[in-house]
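Fold and contact review
If you want the building blocks of each chain, they are given just below.
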Amino acid sequence: MTPTPMVRPTARPEIVPEETPMLPSHFDDDTWLVELPGLRWDEADARRARHRTPDLGLDVLTAVDEDETWIYATAPPPTWKEIGGAAGLLTRRLDIDRDALPGFRHRRLQVLLTVGDLDDGARQSWHYTSQTDIPAAVEDEFNRWFDEEHLPQLAAVEGTVSAARYRTDGAPRYLAAYDLTEREVQGGPAWRAAITTPWRDRIHHEFVAPRRLMLSRLP
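Residues numbered from 1 in each chain as written. Predicted model: local features only at pLDDT ≥ 70, side-chain atom pairs only at ≥ 80, totals over all residues. Heavy atoms only, no water.

**Concerning the overall build of the protein**
Secondary structure summary: the protein contains seven helices and eight strands in total. Put simply, of all contacts in the protein between residues at least 6 apart along the chain, 81% involve residues at least 24 apart. In the form shown here, the protein has an accessible surface area of approximately 10600 Å², with 51% of it arising from carbon and sulfur atoms. (Helix = DSSP H or I, 4+ residues; strand = E, 2+ residues; numbered from the N terminus. Contact = heavy atoms within 4.5 Å. Areas by Shrake-Rupley, 256 points an atom, 1.4 Å probe, with all protein chains shown as cover.)

In structure tokens form, the structure reads like this:
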């Protein structure tokens, strides 16, 4: 089977600022998550993307163990309507060929809970994510567990700078994200202790198509 081609924004003779951009916190205004499976960007790609979208806040990350790039794009709500929607804007400005990326996906994020220093979290190199759907019959208990136990306990693990959970307008419906000082924080002894509870064991069996992904933030 022919592998999905690596697609990068078309190179252009432009000057890309070298200074470190101000990273968005994901939690103000209106935020969309654009996922690009099969596409691995590097730091130059991320700088070029920010240069081409100066009116947006972009946080660009690449998966650690597979070829995938995530873009959190933040702007005041009227902006997306004025520019024709998040996905259309980003694919046009960044020369992303959606037809070459069958797994292309974009979802709007509704913040449900945040814990920790969000601005400091957006400066960390490691971003761990967990997402799942959940049956309607246990959705209320799932949300209580996440808000009352799971997210606060993982946010309290040393090395977790910030944590957040979202409801999306697509699938999977729920997404949680953790900004970490080191990759090894996730899965370490303190992390495992935080997730080892009877409540977690009970609700975890209800997850539908869960997916976990460690990403590295591109400066």
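**Observations concerning the nonpolar core**
If you look at the biggest cluster of nonpolar residues, it comprises 22 residues, and the most contacted ones within it are Phe 142, Trp 145, Phe 146, Tyr 178, Leu 180 and Trp 191. For this core, the element with the most residues is helix H5 (residues 139-155), which contributes six residues. Those residues in contact with Leu 180, other than ones at most four positions away along the chain, are Gln 124, Ser 125, Trp 126, Tyr 128, Gly 159, Thr 160, Val 185, Gln 186, Trp 191 and Met 214. Listed in part, the 19 residues of the second largest apolar core include Trp 41, Ala 49, Ala 73 and Ile 96. (Core = buried A, V, L, I, M, F, W, Y, C linked by side-chain atoms within 4.5 Å. Buried < 20%, exposed > 50% of the residue type's maximum accessible area, 1.4 Å probe, protein only.)

**What about the sheet that holds strand E3 (residues 68-75)?**
Pairing is antiparallel in the closed barrel, where eight strands are placed in the order E1-E3-E2-E8-E5-E7-E6-E4. The mean angle between the axes of side-by-side strands here comes to 30 degrees, regardless of whether they run parallel or antiparallel. Relative to strand E4 (residues 105-116), strand E1 (residues 30-37) runs antiparallel, the two being bridged by five bridges. Residue pairing in the sheet places Leu 33 in a bridge with Arg 107 of E4. Running at roughly 165 degrees to strand E6 (residues 160-168), H5 makes contact with E4, strand E5 (126-133), E6 and strand E7 (174-180) of the sheet. (Pairing = 2+ DSSP bridges. Axes fitted to C-alpha atoms, helices over the stretch in contact; angles between N-to-C directions.)

**Considerations on the packing of aromatic side chains**
Taken as a whole and judged by the stated rule, the model has 10 aromatic pairs. For the ring pair Trp 70 and Tyr 72, a centre distance of 6.4 Å and an interplane angle of 70 degrees mean the geometry is edge-to-face. As far as the burial class goes, Trp 70 and Tyr 72 line up, both buried. Ring geometry for Trp 145 versus Phe 207: centroids 6.1 Å apart, planes at 55 degrees, classification tilted. Taken together, the residues span a long stretch of sequence, with Trp 145 in helix H5 and Phe 207 in the loop between helix H7 (198-204) and strand E8 (208-217) at a distance of 62 residues. The two residues Trp 145 and Phe 207 agree in class, both being buried. Three or more aromatic residues joined by ring pairs make a cluster, and in this case those are Phe 142, Trp 145, Phe 146, Tyr 174 and Phe 207. (Phe/Tyr/Trp six-rings, centres within 6.5 Å; stacked < 30°, edge-to-face > 60°.)

**Things to note about H5**
In the structure, H5 departs most strongly from a straight axis at Phe 146, where the bend amounts to approximately 45 degrees. Listing the buried residues of H5 in full gives Glu 139, Glu 141, Phe 142, Asn 143, Trp 145, Phe 146, Glu 149, His 150, Leu 151, Leu 154 and Ala 155. (Bend = angle between axes of the 7 residues up to and from the residue.)

**Some thoughts on the environment of Arg 202**
Mapped onto the elements of the fold, Arg 202 is located in helix H7. According to the relative accessible area criterion, Arg 202 is partly exposed, its value standing at 47%.

**Focus: the side chain of Arg 107**
Topologically, Arg 107 is positioned in strand E4. You can call Arg 107 buried: its relative accessible area is 1%. Within the structure, the side chain of Arg 107 is placed 2.7 Å from the backbone oxygen of Pro 172, a separation counted as a polar contact. Residues contacting Arg 107, with those up to four places away along its chain left out, are Thr 31, Trp 32, Leu 33, Glu 35, Gln 131, Thr 168, Asp 169, Gly 170, Ala 171 and Pro 172. (Polar contact = N/O pair within 3.5 Å; in protein donor to acceptor, adjacent residues only side chain to side chain.)

**Considerations on the confidence of the model for the protein**
The pLDDT averaged across the protein works out to 85; a share of 81% of its residues lies at or above 70. Segment residues 1-28: pLDDT under 50, and 68 contacts once partners within four positions in sequence are set aside and those in other chains are kept. (pLDDT = per-residue confidence, 0-100.)

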